[in-house]
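# Tertiary structure, described
Chain by chain, the residues run as shown.
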Amino acid sequence: MDTTAPLIDIRNLVKHFGSVIALSGVSLAVNRSEVMCLLGDNGAGKSTLIKTLAGVHKPTSGEFLVEGQPVAFASPRDALDAGIATVYQDLAMIPLMSVTRNFFMGREPVKGIWPFRNVDFDHCDEVTREEMHKIGIDVRDPHQAVGTLSGGERQCVAIARAVYFGAKVLILDEPTSALGVAQTSMVLKYIHQVRSKGLGVIFITHNVRHAYAVGDRFTVLNRGKTLGTYKKSEIQIEELQNLMAGGKELQAVSEELGGMV
Amino acid sequence: MQVAGSFFFTDPFGEALMVNTTQPTANLAPATAVKAIQDERLREVSLLTKIMRRPELGALAGLVLVTIFFLSTADASMFTLAGIMNILSPASQLGILAIAAALLMIGGEFDLSIGSMVAFTGLVFGGFITLSGWPLLVAIAATFVVAAVLGGINGQMVIRTRLPSFIVTLAFLFILRGLSLVGLKWATGGSTQMRGIGDQAGEGLIRELFSGVAFEGVFSWLAAHDIIAKFPNGTPTVTGVPISIVWFILFALAATWLLLRTRAGNWIFAAGGDANAARNSGVPVDRVKTALFMLTAAAAALVAILTVLDAGSTDARRGFQKEFEAIIAAVIGGCLLTGGYGSAIGAFFGAIIFGMVSIGLTYTRFDSDWFQVFLGAMLLLAVLFNNFIRRKVTGER
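Residues numbered from 1 in each chain as written. Chains lettered and ligands numbered in written order. Predicted model: local features only at pLDDT ≥ 70, side-chain atom pairs only at ≥ 80, totals over all residues.

### Some details on the overall build of chain B
Check the secondary structure of chain B and you find 19 helices and 4 strands. For chain B, the residues scored as buried account for 46% of the 397 residues in total. Of all intrachain contacts in chain B linking residues separated by at least 6 positions in sequence, the fraction that spans at least 24 positions is 78%. (Helix = DSSP H or I, 4+ residues; strand = E, 2+ residues; numbered from the N terminus. Buried ≥ 20, exposed ≤ 12 C-beta atoms within 10 Å, placed from the backbone. Contact = placed C-beta atoms within 7 Å.)

Structure, rendered in structure tokens:
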């Protein structure tokens, strides 16, 4: 494994669904300890891109390298095994299940001999409590239902789970879009914390402010194409907004309304 | 602080959330002193909340209420050993179905074909014994295989079409009931009852595992020592525990262990709670659901074998409306109709409540036709109670 190569490197990725061209040449790279923000309006191809990275879709053509090695994922499980973890906005946690059961869902550690093999829930509770403590979420009782956590806390638990299970790259699908201000800052802070651990983060959002708060680099997607990648030092928040929303129209509306949209 | 803790019980989560959401914005590293106090205060409620969180709480409370009701209104003979066996016997047959239905409901699906499955597998089992002349063990194994295949078809149908299991299995309710009628007439030359299965099955260890009573030795010992009632000739009035009750209890224990302590159990909760989230986390949702449909069908086959061997015959009305009774027992036991929540032990209690009410009314001065009223009221109460509990548990507003 090449340790200097980007964690994820995609070049000229194309994805067709029948006659629909969802992605027509997307290039993107994520390095260690970096938050790469993927910006784009609705229909820009963000979801297709994430799902391709997560192993849900197979690319029609283009290169997909993980740590310098070309990969072809057959299922989301393959992507997970390669260290690419995706945290979906609503589809990460099950509200009726306990924090512990959610945390270990799909990867329950078992002990004993079949057919009496059971899950080591004491160990699970221990780990969950510890991990929650690390990220500053005060889990009163790991048996409490996830439904009792706030939206921000749920996102953080989902991220903590991915980190605990050895993710190298985190793909966060609009983690802040349904959250209030306090909740958002909680999630953004945690993203910052994850980056300092050496993970690469792909942060998908259409909120430029949230992106600018934690991002190192910004890739703007429009109509299935990358418009370009910019370092934080190279671009201002207003420019980013214009790029993302197709610029001119929004500016016109903005002037019409007498302010920034 | 102690008192404050119990006040929190009324709305522990709302309060806790308020504290928590404001905390991260204040400072990157939250003050540990503040945190420690929070922990202390909030742990106080956890014991009460823990009890509240058990899905079977409602069923247990219901069982206590129903028992009190019959203790005060019914003839004392209801609660003798013989009376209890009288209640548990039908409860156990329903209970085996209810526990399987509960697991399936927790997994997010319904099976309305359970009752018809009992009739159909009863016919299949009878056919293997009388027509094919197979030994009992082979016939039983083959019946389970047929049931598992039918259950698997149910499951695959639901998964592949993505239609609600309610509709798909409703279709099977009629298909299997109709096939049972047609099959019986074909096999018996026009009758809707198939006789002689008991005689043909023979005796032996396998037979004893599926019919008659268990622990006869214990009961005659107890009678000999005047611990339980006996006839003048010395034989106990209750000769043993009907074998279906033993199966019922074993199945309840196994299902509870599966649900609460194993990986498969976690997958069942996950599949029913949110199939998409479960899939994203690597849970094989389709496999779990198919297995549950197969288990439900196998439970129906077990009930068919137990009742057919006991009666010695089978008929087309066997298991009639048992699908509804099983689902009612599961709901009384704390299962949510929407899946992802419930318990096997709750369904166990639900089935006992069911048996107690249906048999118990004959011990009282009430007309036993009140049974259905009682049942409906019980179901309504259970649903309201479960809904309330779920909101408390998940902090849903």
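Following the structure, the description resumes.
### Overview of the overall build of chain A
The secondary structure content of chain A amounts to 9 helices and 12 strands. Taken against the 2.2 N^0.38 rule, which gives 18 Å for 261 residues, the C-alpha radius of gyration of chain A at 19 Å falls within 12% of a compact globule. Overall, chain A is about 65 × 40 × 35 Å in size when its C-alpha atoms are taken along their principal axes. Here the contacts in chain A between residues at least 6 apart in sequence split such that 69% fall between residues at least 24 apart. (Rg over C-alpha atoms; globule rule 2.2 N^0.38 Å.)

### Brief notes about helix 13 (residues 243–261) of chain B
In an α-helix there are 3.6 residues to a turn, and that puts residues three or four apart on one side. Between its first and last C-alpha atoms helix 13 of chain B spans 27 Å; for 19 residues at 1.5 Å apiece the expected length is 27 Å, and the two agree. Listed as buried for helix 13 of chain B are Ile 243, Ser 244, Ile 245, Trp 247, Phe 248, Ala 252, Ala 255 and Leu 259 of chain B. (Expected span 1.5 Å × (residues − 1).)

### Topic: the sheet that holds strand 12 (residues 225–231) of chain A
All names here are of chain A. A sheet is described by the order of its strands in space; here 6 strands give the open sequence 6-9-10-3-11-12, paired in mixed fashion. Looking at which strands have only one partner, the edges of the open sheet turn out to be strand 6 (84–87) and strand 12. Sheet twist, expressed as the mean angle between neighbouring strand axes with direction ignored, is 20°. Here 6 bridges tie strand 11 (residues 217–222) to strand 12, and the two strands are oriented antiparallel to one another. Counterpart to Phe 218 in the pairing with strand 12 is Tyr 230. Along the sheet, helix 5 (residues 151–164) contacts strand 6 and strand 9 (169–173); its crossing angle with strand 6, the most-contacted strand, is approximately 170°. (Pairing = 2+ DSSP bridges. Axes fitted to C-alpha atoms, helices over the stretch in contact; angles between N-to-C directions.)

### Here we look at the environment of Ser 89 of chain B
Residue and element names in this part refer to chain B. The residue Ser 89 is located in helix 6 (residues 81–106) in this model. When the 17 C-beta atoms within 10 Å are taken as the criterion, Ser 89 is described as partly exposed. Separated by 155 residues in sequence, Ser 89 and Ser 244 have C-alpha atoms that sit 6.9 Å apart.

### A look at the sheet that holds strand 1 (residues 8–17) of chain A
Residues and elements named next belong to chain A. The 4 strands are arranged 2-1-4-5 in an open sheet whose pairing can be described as antiparallel. Each of the sheet's edge strands pairs with one partner strand only, and the pair in question is strand 2 (20–30) and strand 5 (69–70). Taken together, the 5 bridges between strand 1 and strand 4 (residues 61–66) define a ladder with antiparallel strand orientation. Looking across to strand 4, one finds that Val 14 is bridged to Ser 61.

### Comments concerning helix 17 (residues 322–332) of chain B
Counting buried residues along helix 17 of chain B, 10 of its 11 residues qualify, which places the element largely inside the surrounding structure. Along helix 17 of chain B, the residues classified as buried are Lys 322, Glu 323, Glu 325, Ala 326, Ile 327, Ile 328, Ala 329, Ala 330, Val 331 and Ile 332 of chain B.

### Observations regarding the confidence of the model for chain A
Per-chain confidence: chain A averages 85 in pLDDT, with 93% of residues scoring 70 or above. Confidence, expressed as mean pLDDT per element, reaches its minimum in chain A at helix 9 (residues 248–257) of chain A with 65 and its maximum at helix 3 (residues 99–103) of chain A with 93. (pLDDT = per-residue confidence, 0-100.)

### Considering the nonpolar core
One finds Leu 170 and Phe 203 of chain A together with Leu 103 of chain B to be the most contacted residues of the largest nonpolar core, which totals 184 residues. With 19 residues, helix 16 (residues 285–311) of chain B is the single largest residue contributor to this core. Setting aside anything within four residues of it in sequence, one finds Phe 203 of chain A in contact with Val 35, Met 36, Cys 37, Leu 38, Leu 172, Ile 191, Ala 211, Val 214 and Gly 215 of chain A. (Core = buried A, V, L, I, M, F, W, Y, C linked by C-beta atoms within 7 Å.)

### Digging into the confidence of the model for chain B
Residues and elements named next belong to chain B. On average, residues of chain B carry a pLDDT of 85, and 86% of them reach 70 or more. Contacts for the low-pLDDT stretch residues 1–43, under 50 throughout, to residues beyond four places or in other chains number 41 contacts. In the predicted complex, the global pTM is 0.85; the interface-specific ipTM is 0.82.

### A look at the packing of helix 8 (residues 136–161) of chain B against helix 16 of chain B
Residues and elements named next belong to chain B. With their axes 7 Å apart at the nearest point, helix 8 and helix 16 run at an angle of 140° to one another. In the packing of helix 8 onto helix 16, the handedness of the crossing is right-handed. Here Ile 140, Thr 143, Phe 144, Ala 147, Ala 148, Leu 150, Gly 151, Gly 152, Asn 154, Gly 155, Gln 156 and Ile 159 of helix 8 lie close against helix 16, whose contacting residues are Asp 286, Lys 289, Thr 290, Phe 293, Met 294, Thr 296, Ala 297, Ala 298, Ala 300, Ala 301 and Ile 305. Across the contact of helix 8 with helix 16, the residue classes tally to 13 nonpolar, 8 polar and 2 charged. (Left-handed = near helix turned anticlockwise from the far one by under 90°. Nonpolar A, V, L, I, M, F, W, Y, C, P; charged D, E, K, R; others polar.)

### Re the packing of helix 13 of chain B against helix 18 (residues 344–360) of chain B
Residue and element names in this part refer to chain B. Packing of helix 13 against helix 18 leaves a shortest axis separation of 8 Å and a crossing angle of 150°. In terms of orientation, helix 13 and helix 18 fall into the roughly antiparallel class. Residues Ala 252, Ala 255, Thr 256 and Leu 259 of helix 13 form the contact with helix 18, whose participating residues are Ala 344, Ile 345 and Phe 348. For the contact of helix 13 with helix 18, the class distribution of residues is 6 nonpolar, 1 polar and no charged. (Parallel < 35°, antiparallel > 145°, perpendicular 65-115°, else oblique.)

### Re unusual backbone geometry
Following Trp 114 of chain A, the chain continues to Pro 115 of chain A via a peptide bond in cis, the omega torsion being 5°. Along the polypeptide, Pro 115 of chain A turns up in the loop between strand 7 (110–111) and strand 8 (118–119). One non-glycine residue, Arg 162 of chain B, lies in positive phi territory at about 60°. With respect to the helices and strands, the residue Arg 162 of chain B is situated in the loop between helix 8 and helix 9 (165–188). C-beta crowding within 10 Å serves as the criterion here: with 6 such atoms nearby, Arg 162 of chain B is assigned to the exposed category. Even without a glycine there, the phi angle at Phe 215 of chain B is positive, about 60°. Examined against the element boundaries, Phe 215 of chain B turns out to sit in the loop between strand 2 (213–214) and helix 12 (216–224). Residue classification places Phe 215 of chain B among the partly exposed residues on the basis of 14 C-beta atoms within 10 Å.

### Overview of the pairing of strand 2 of chain A
Residues and elements named next belong to chain A. Note: strand 1 against strand 2, 8 bridges, orientation antiparallel. Paired with His 16 across the two strands is Ile 21, which belongs to strand 2. Between strand 1 and strand 2, which pair antiparallel in sequence order, lie 2 residues; one of them, Gly 18, sits at a positive phi of approximately 60°.

### Some words on the environment of Ser 116 of chain B
Residues and elements named next belong to chain B. In this fold, Ser 116 is placed in helix 7 (residues 114–131). Taking the C-beta count within 10 Å as the criterion, Ser 116 has 27 such neighbours and is therefore assigned buried. Each C-alpha atom, one on Ser 116 and one on Leu 179, is 9.2 Å from the other, the two residues being 63 residues apart in sequence. Beyond its immediate sequence surroundings of up to four residues, Ser 116 is in contact with Phe 172, Leu 173, Leu 176, Arg 177, Ser 180 and Gly 319.

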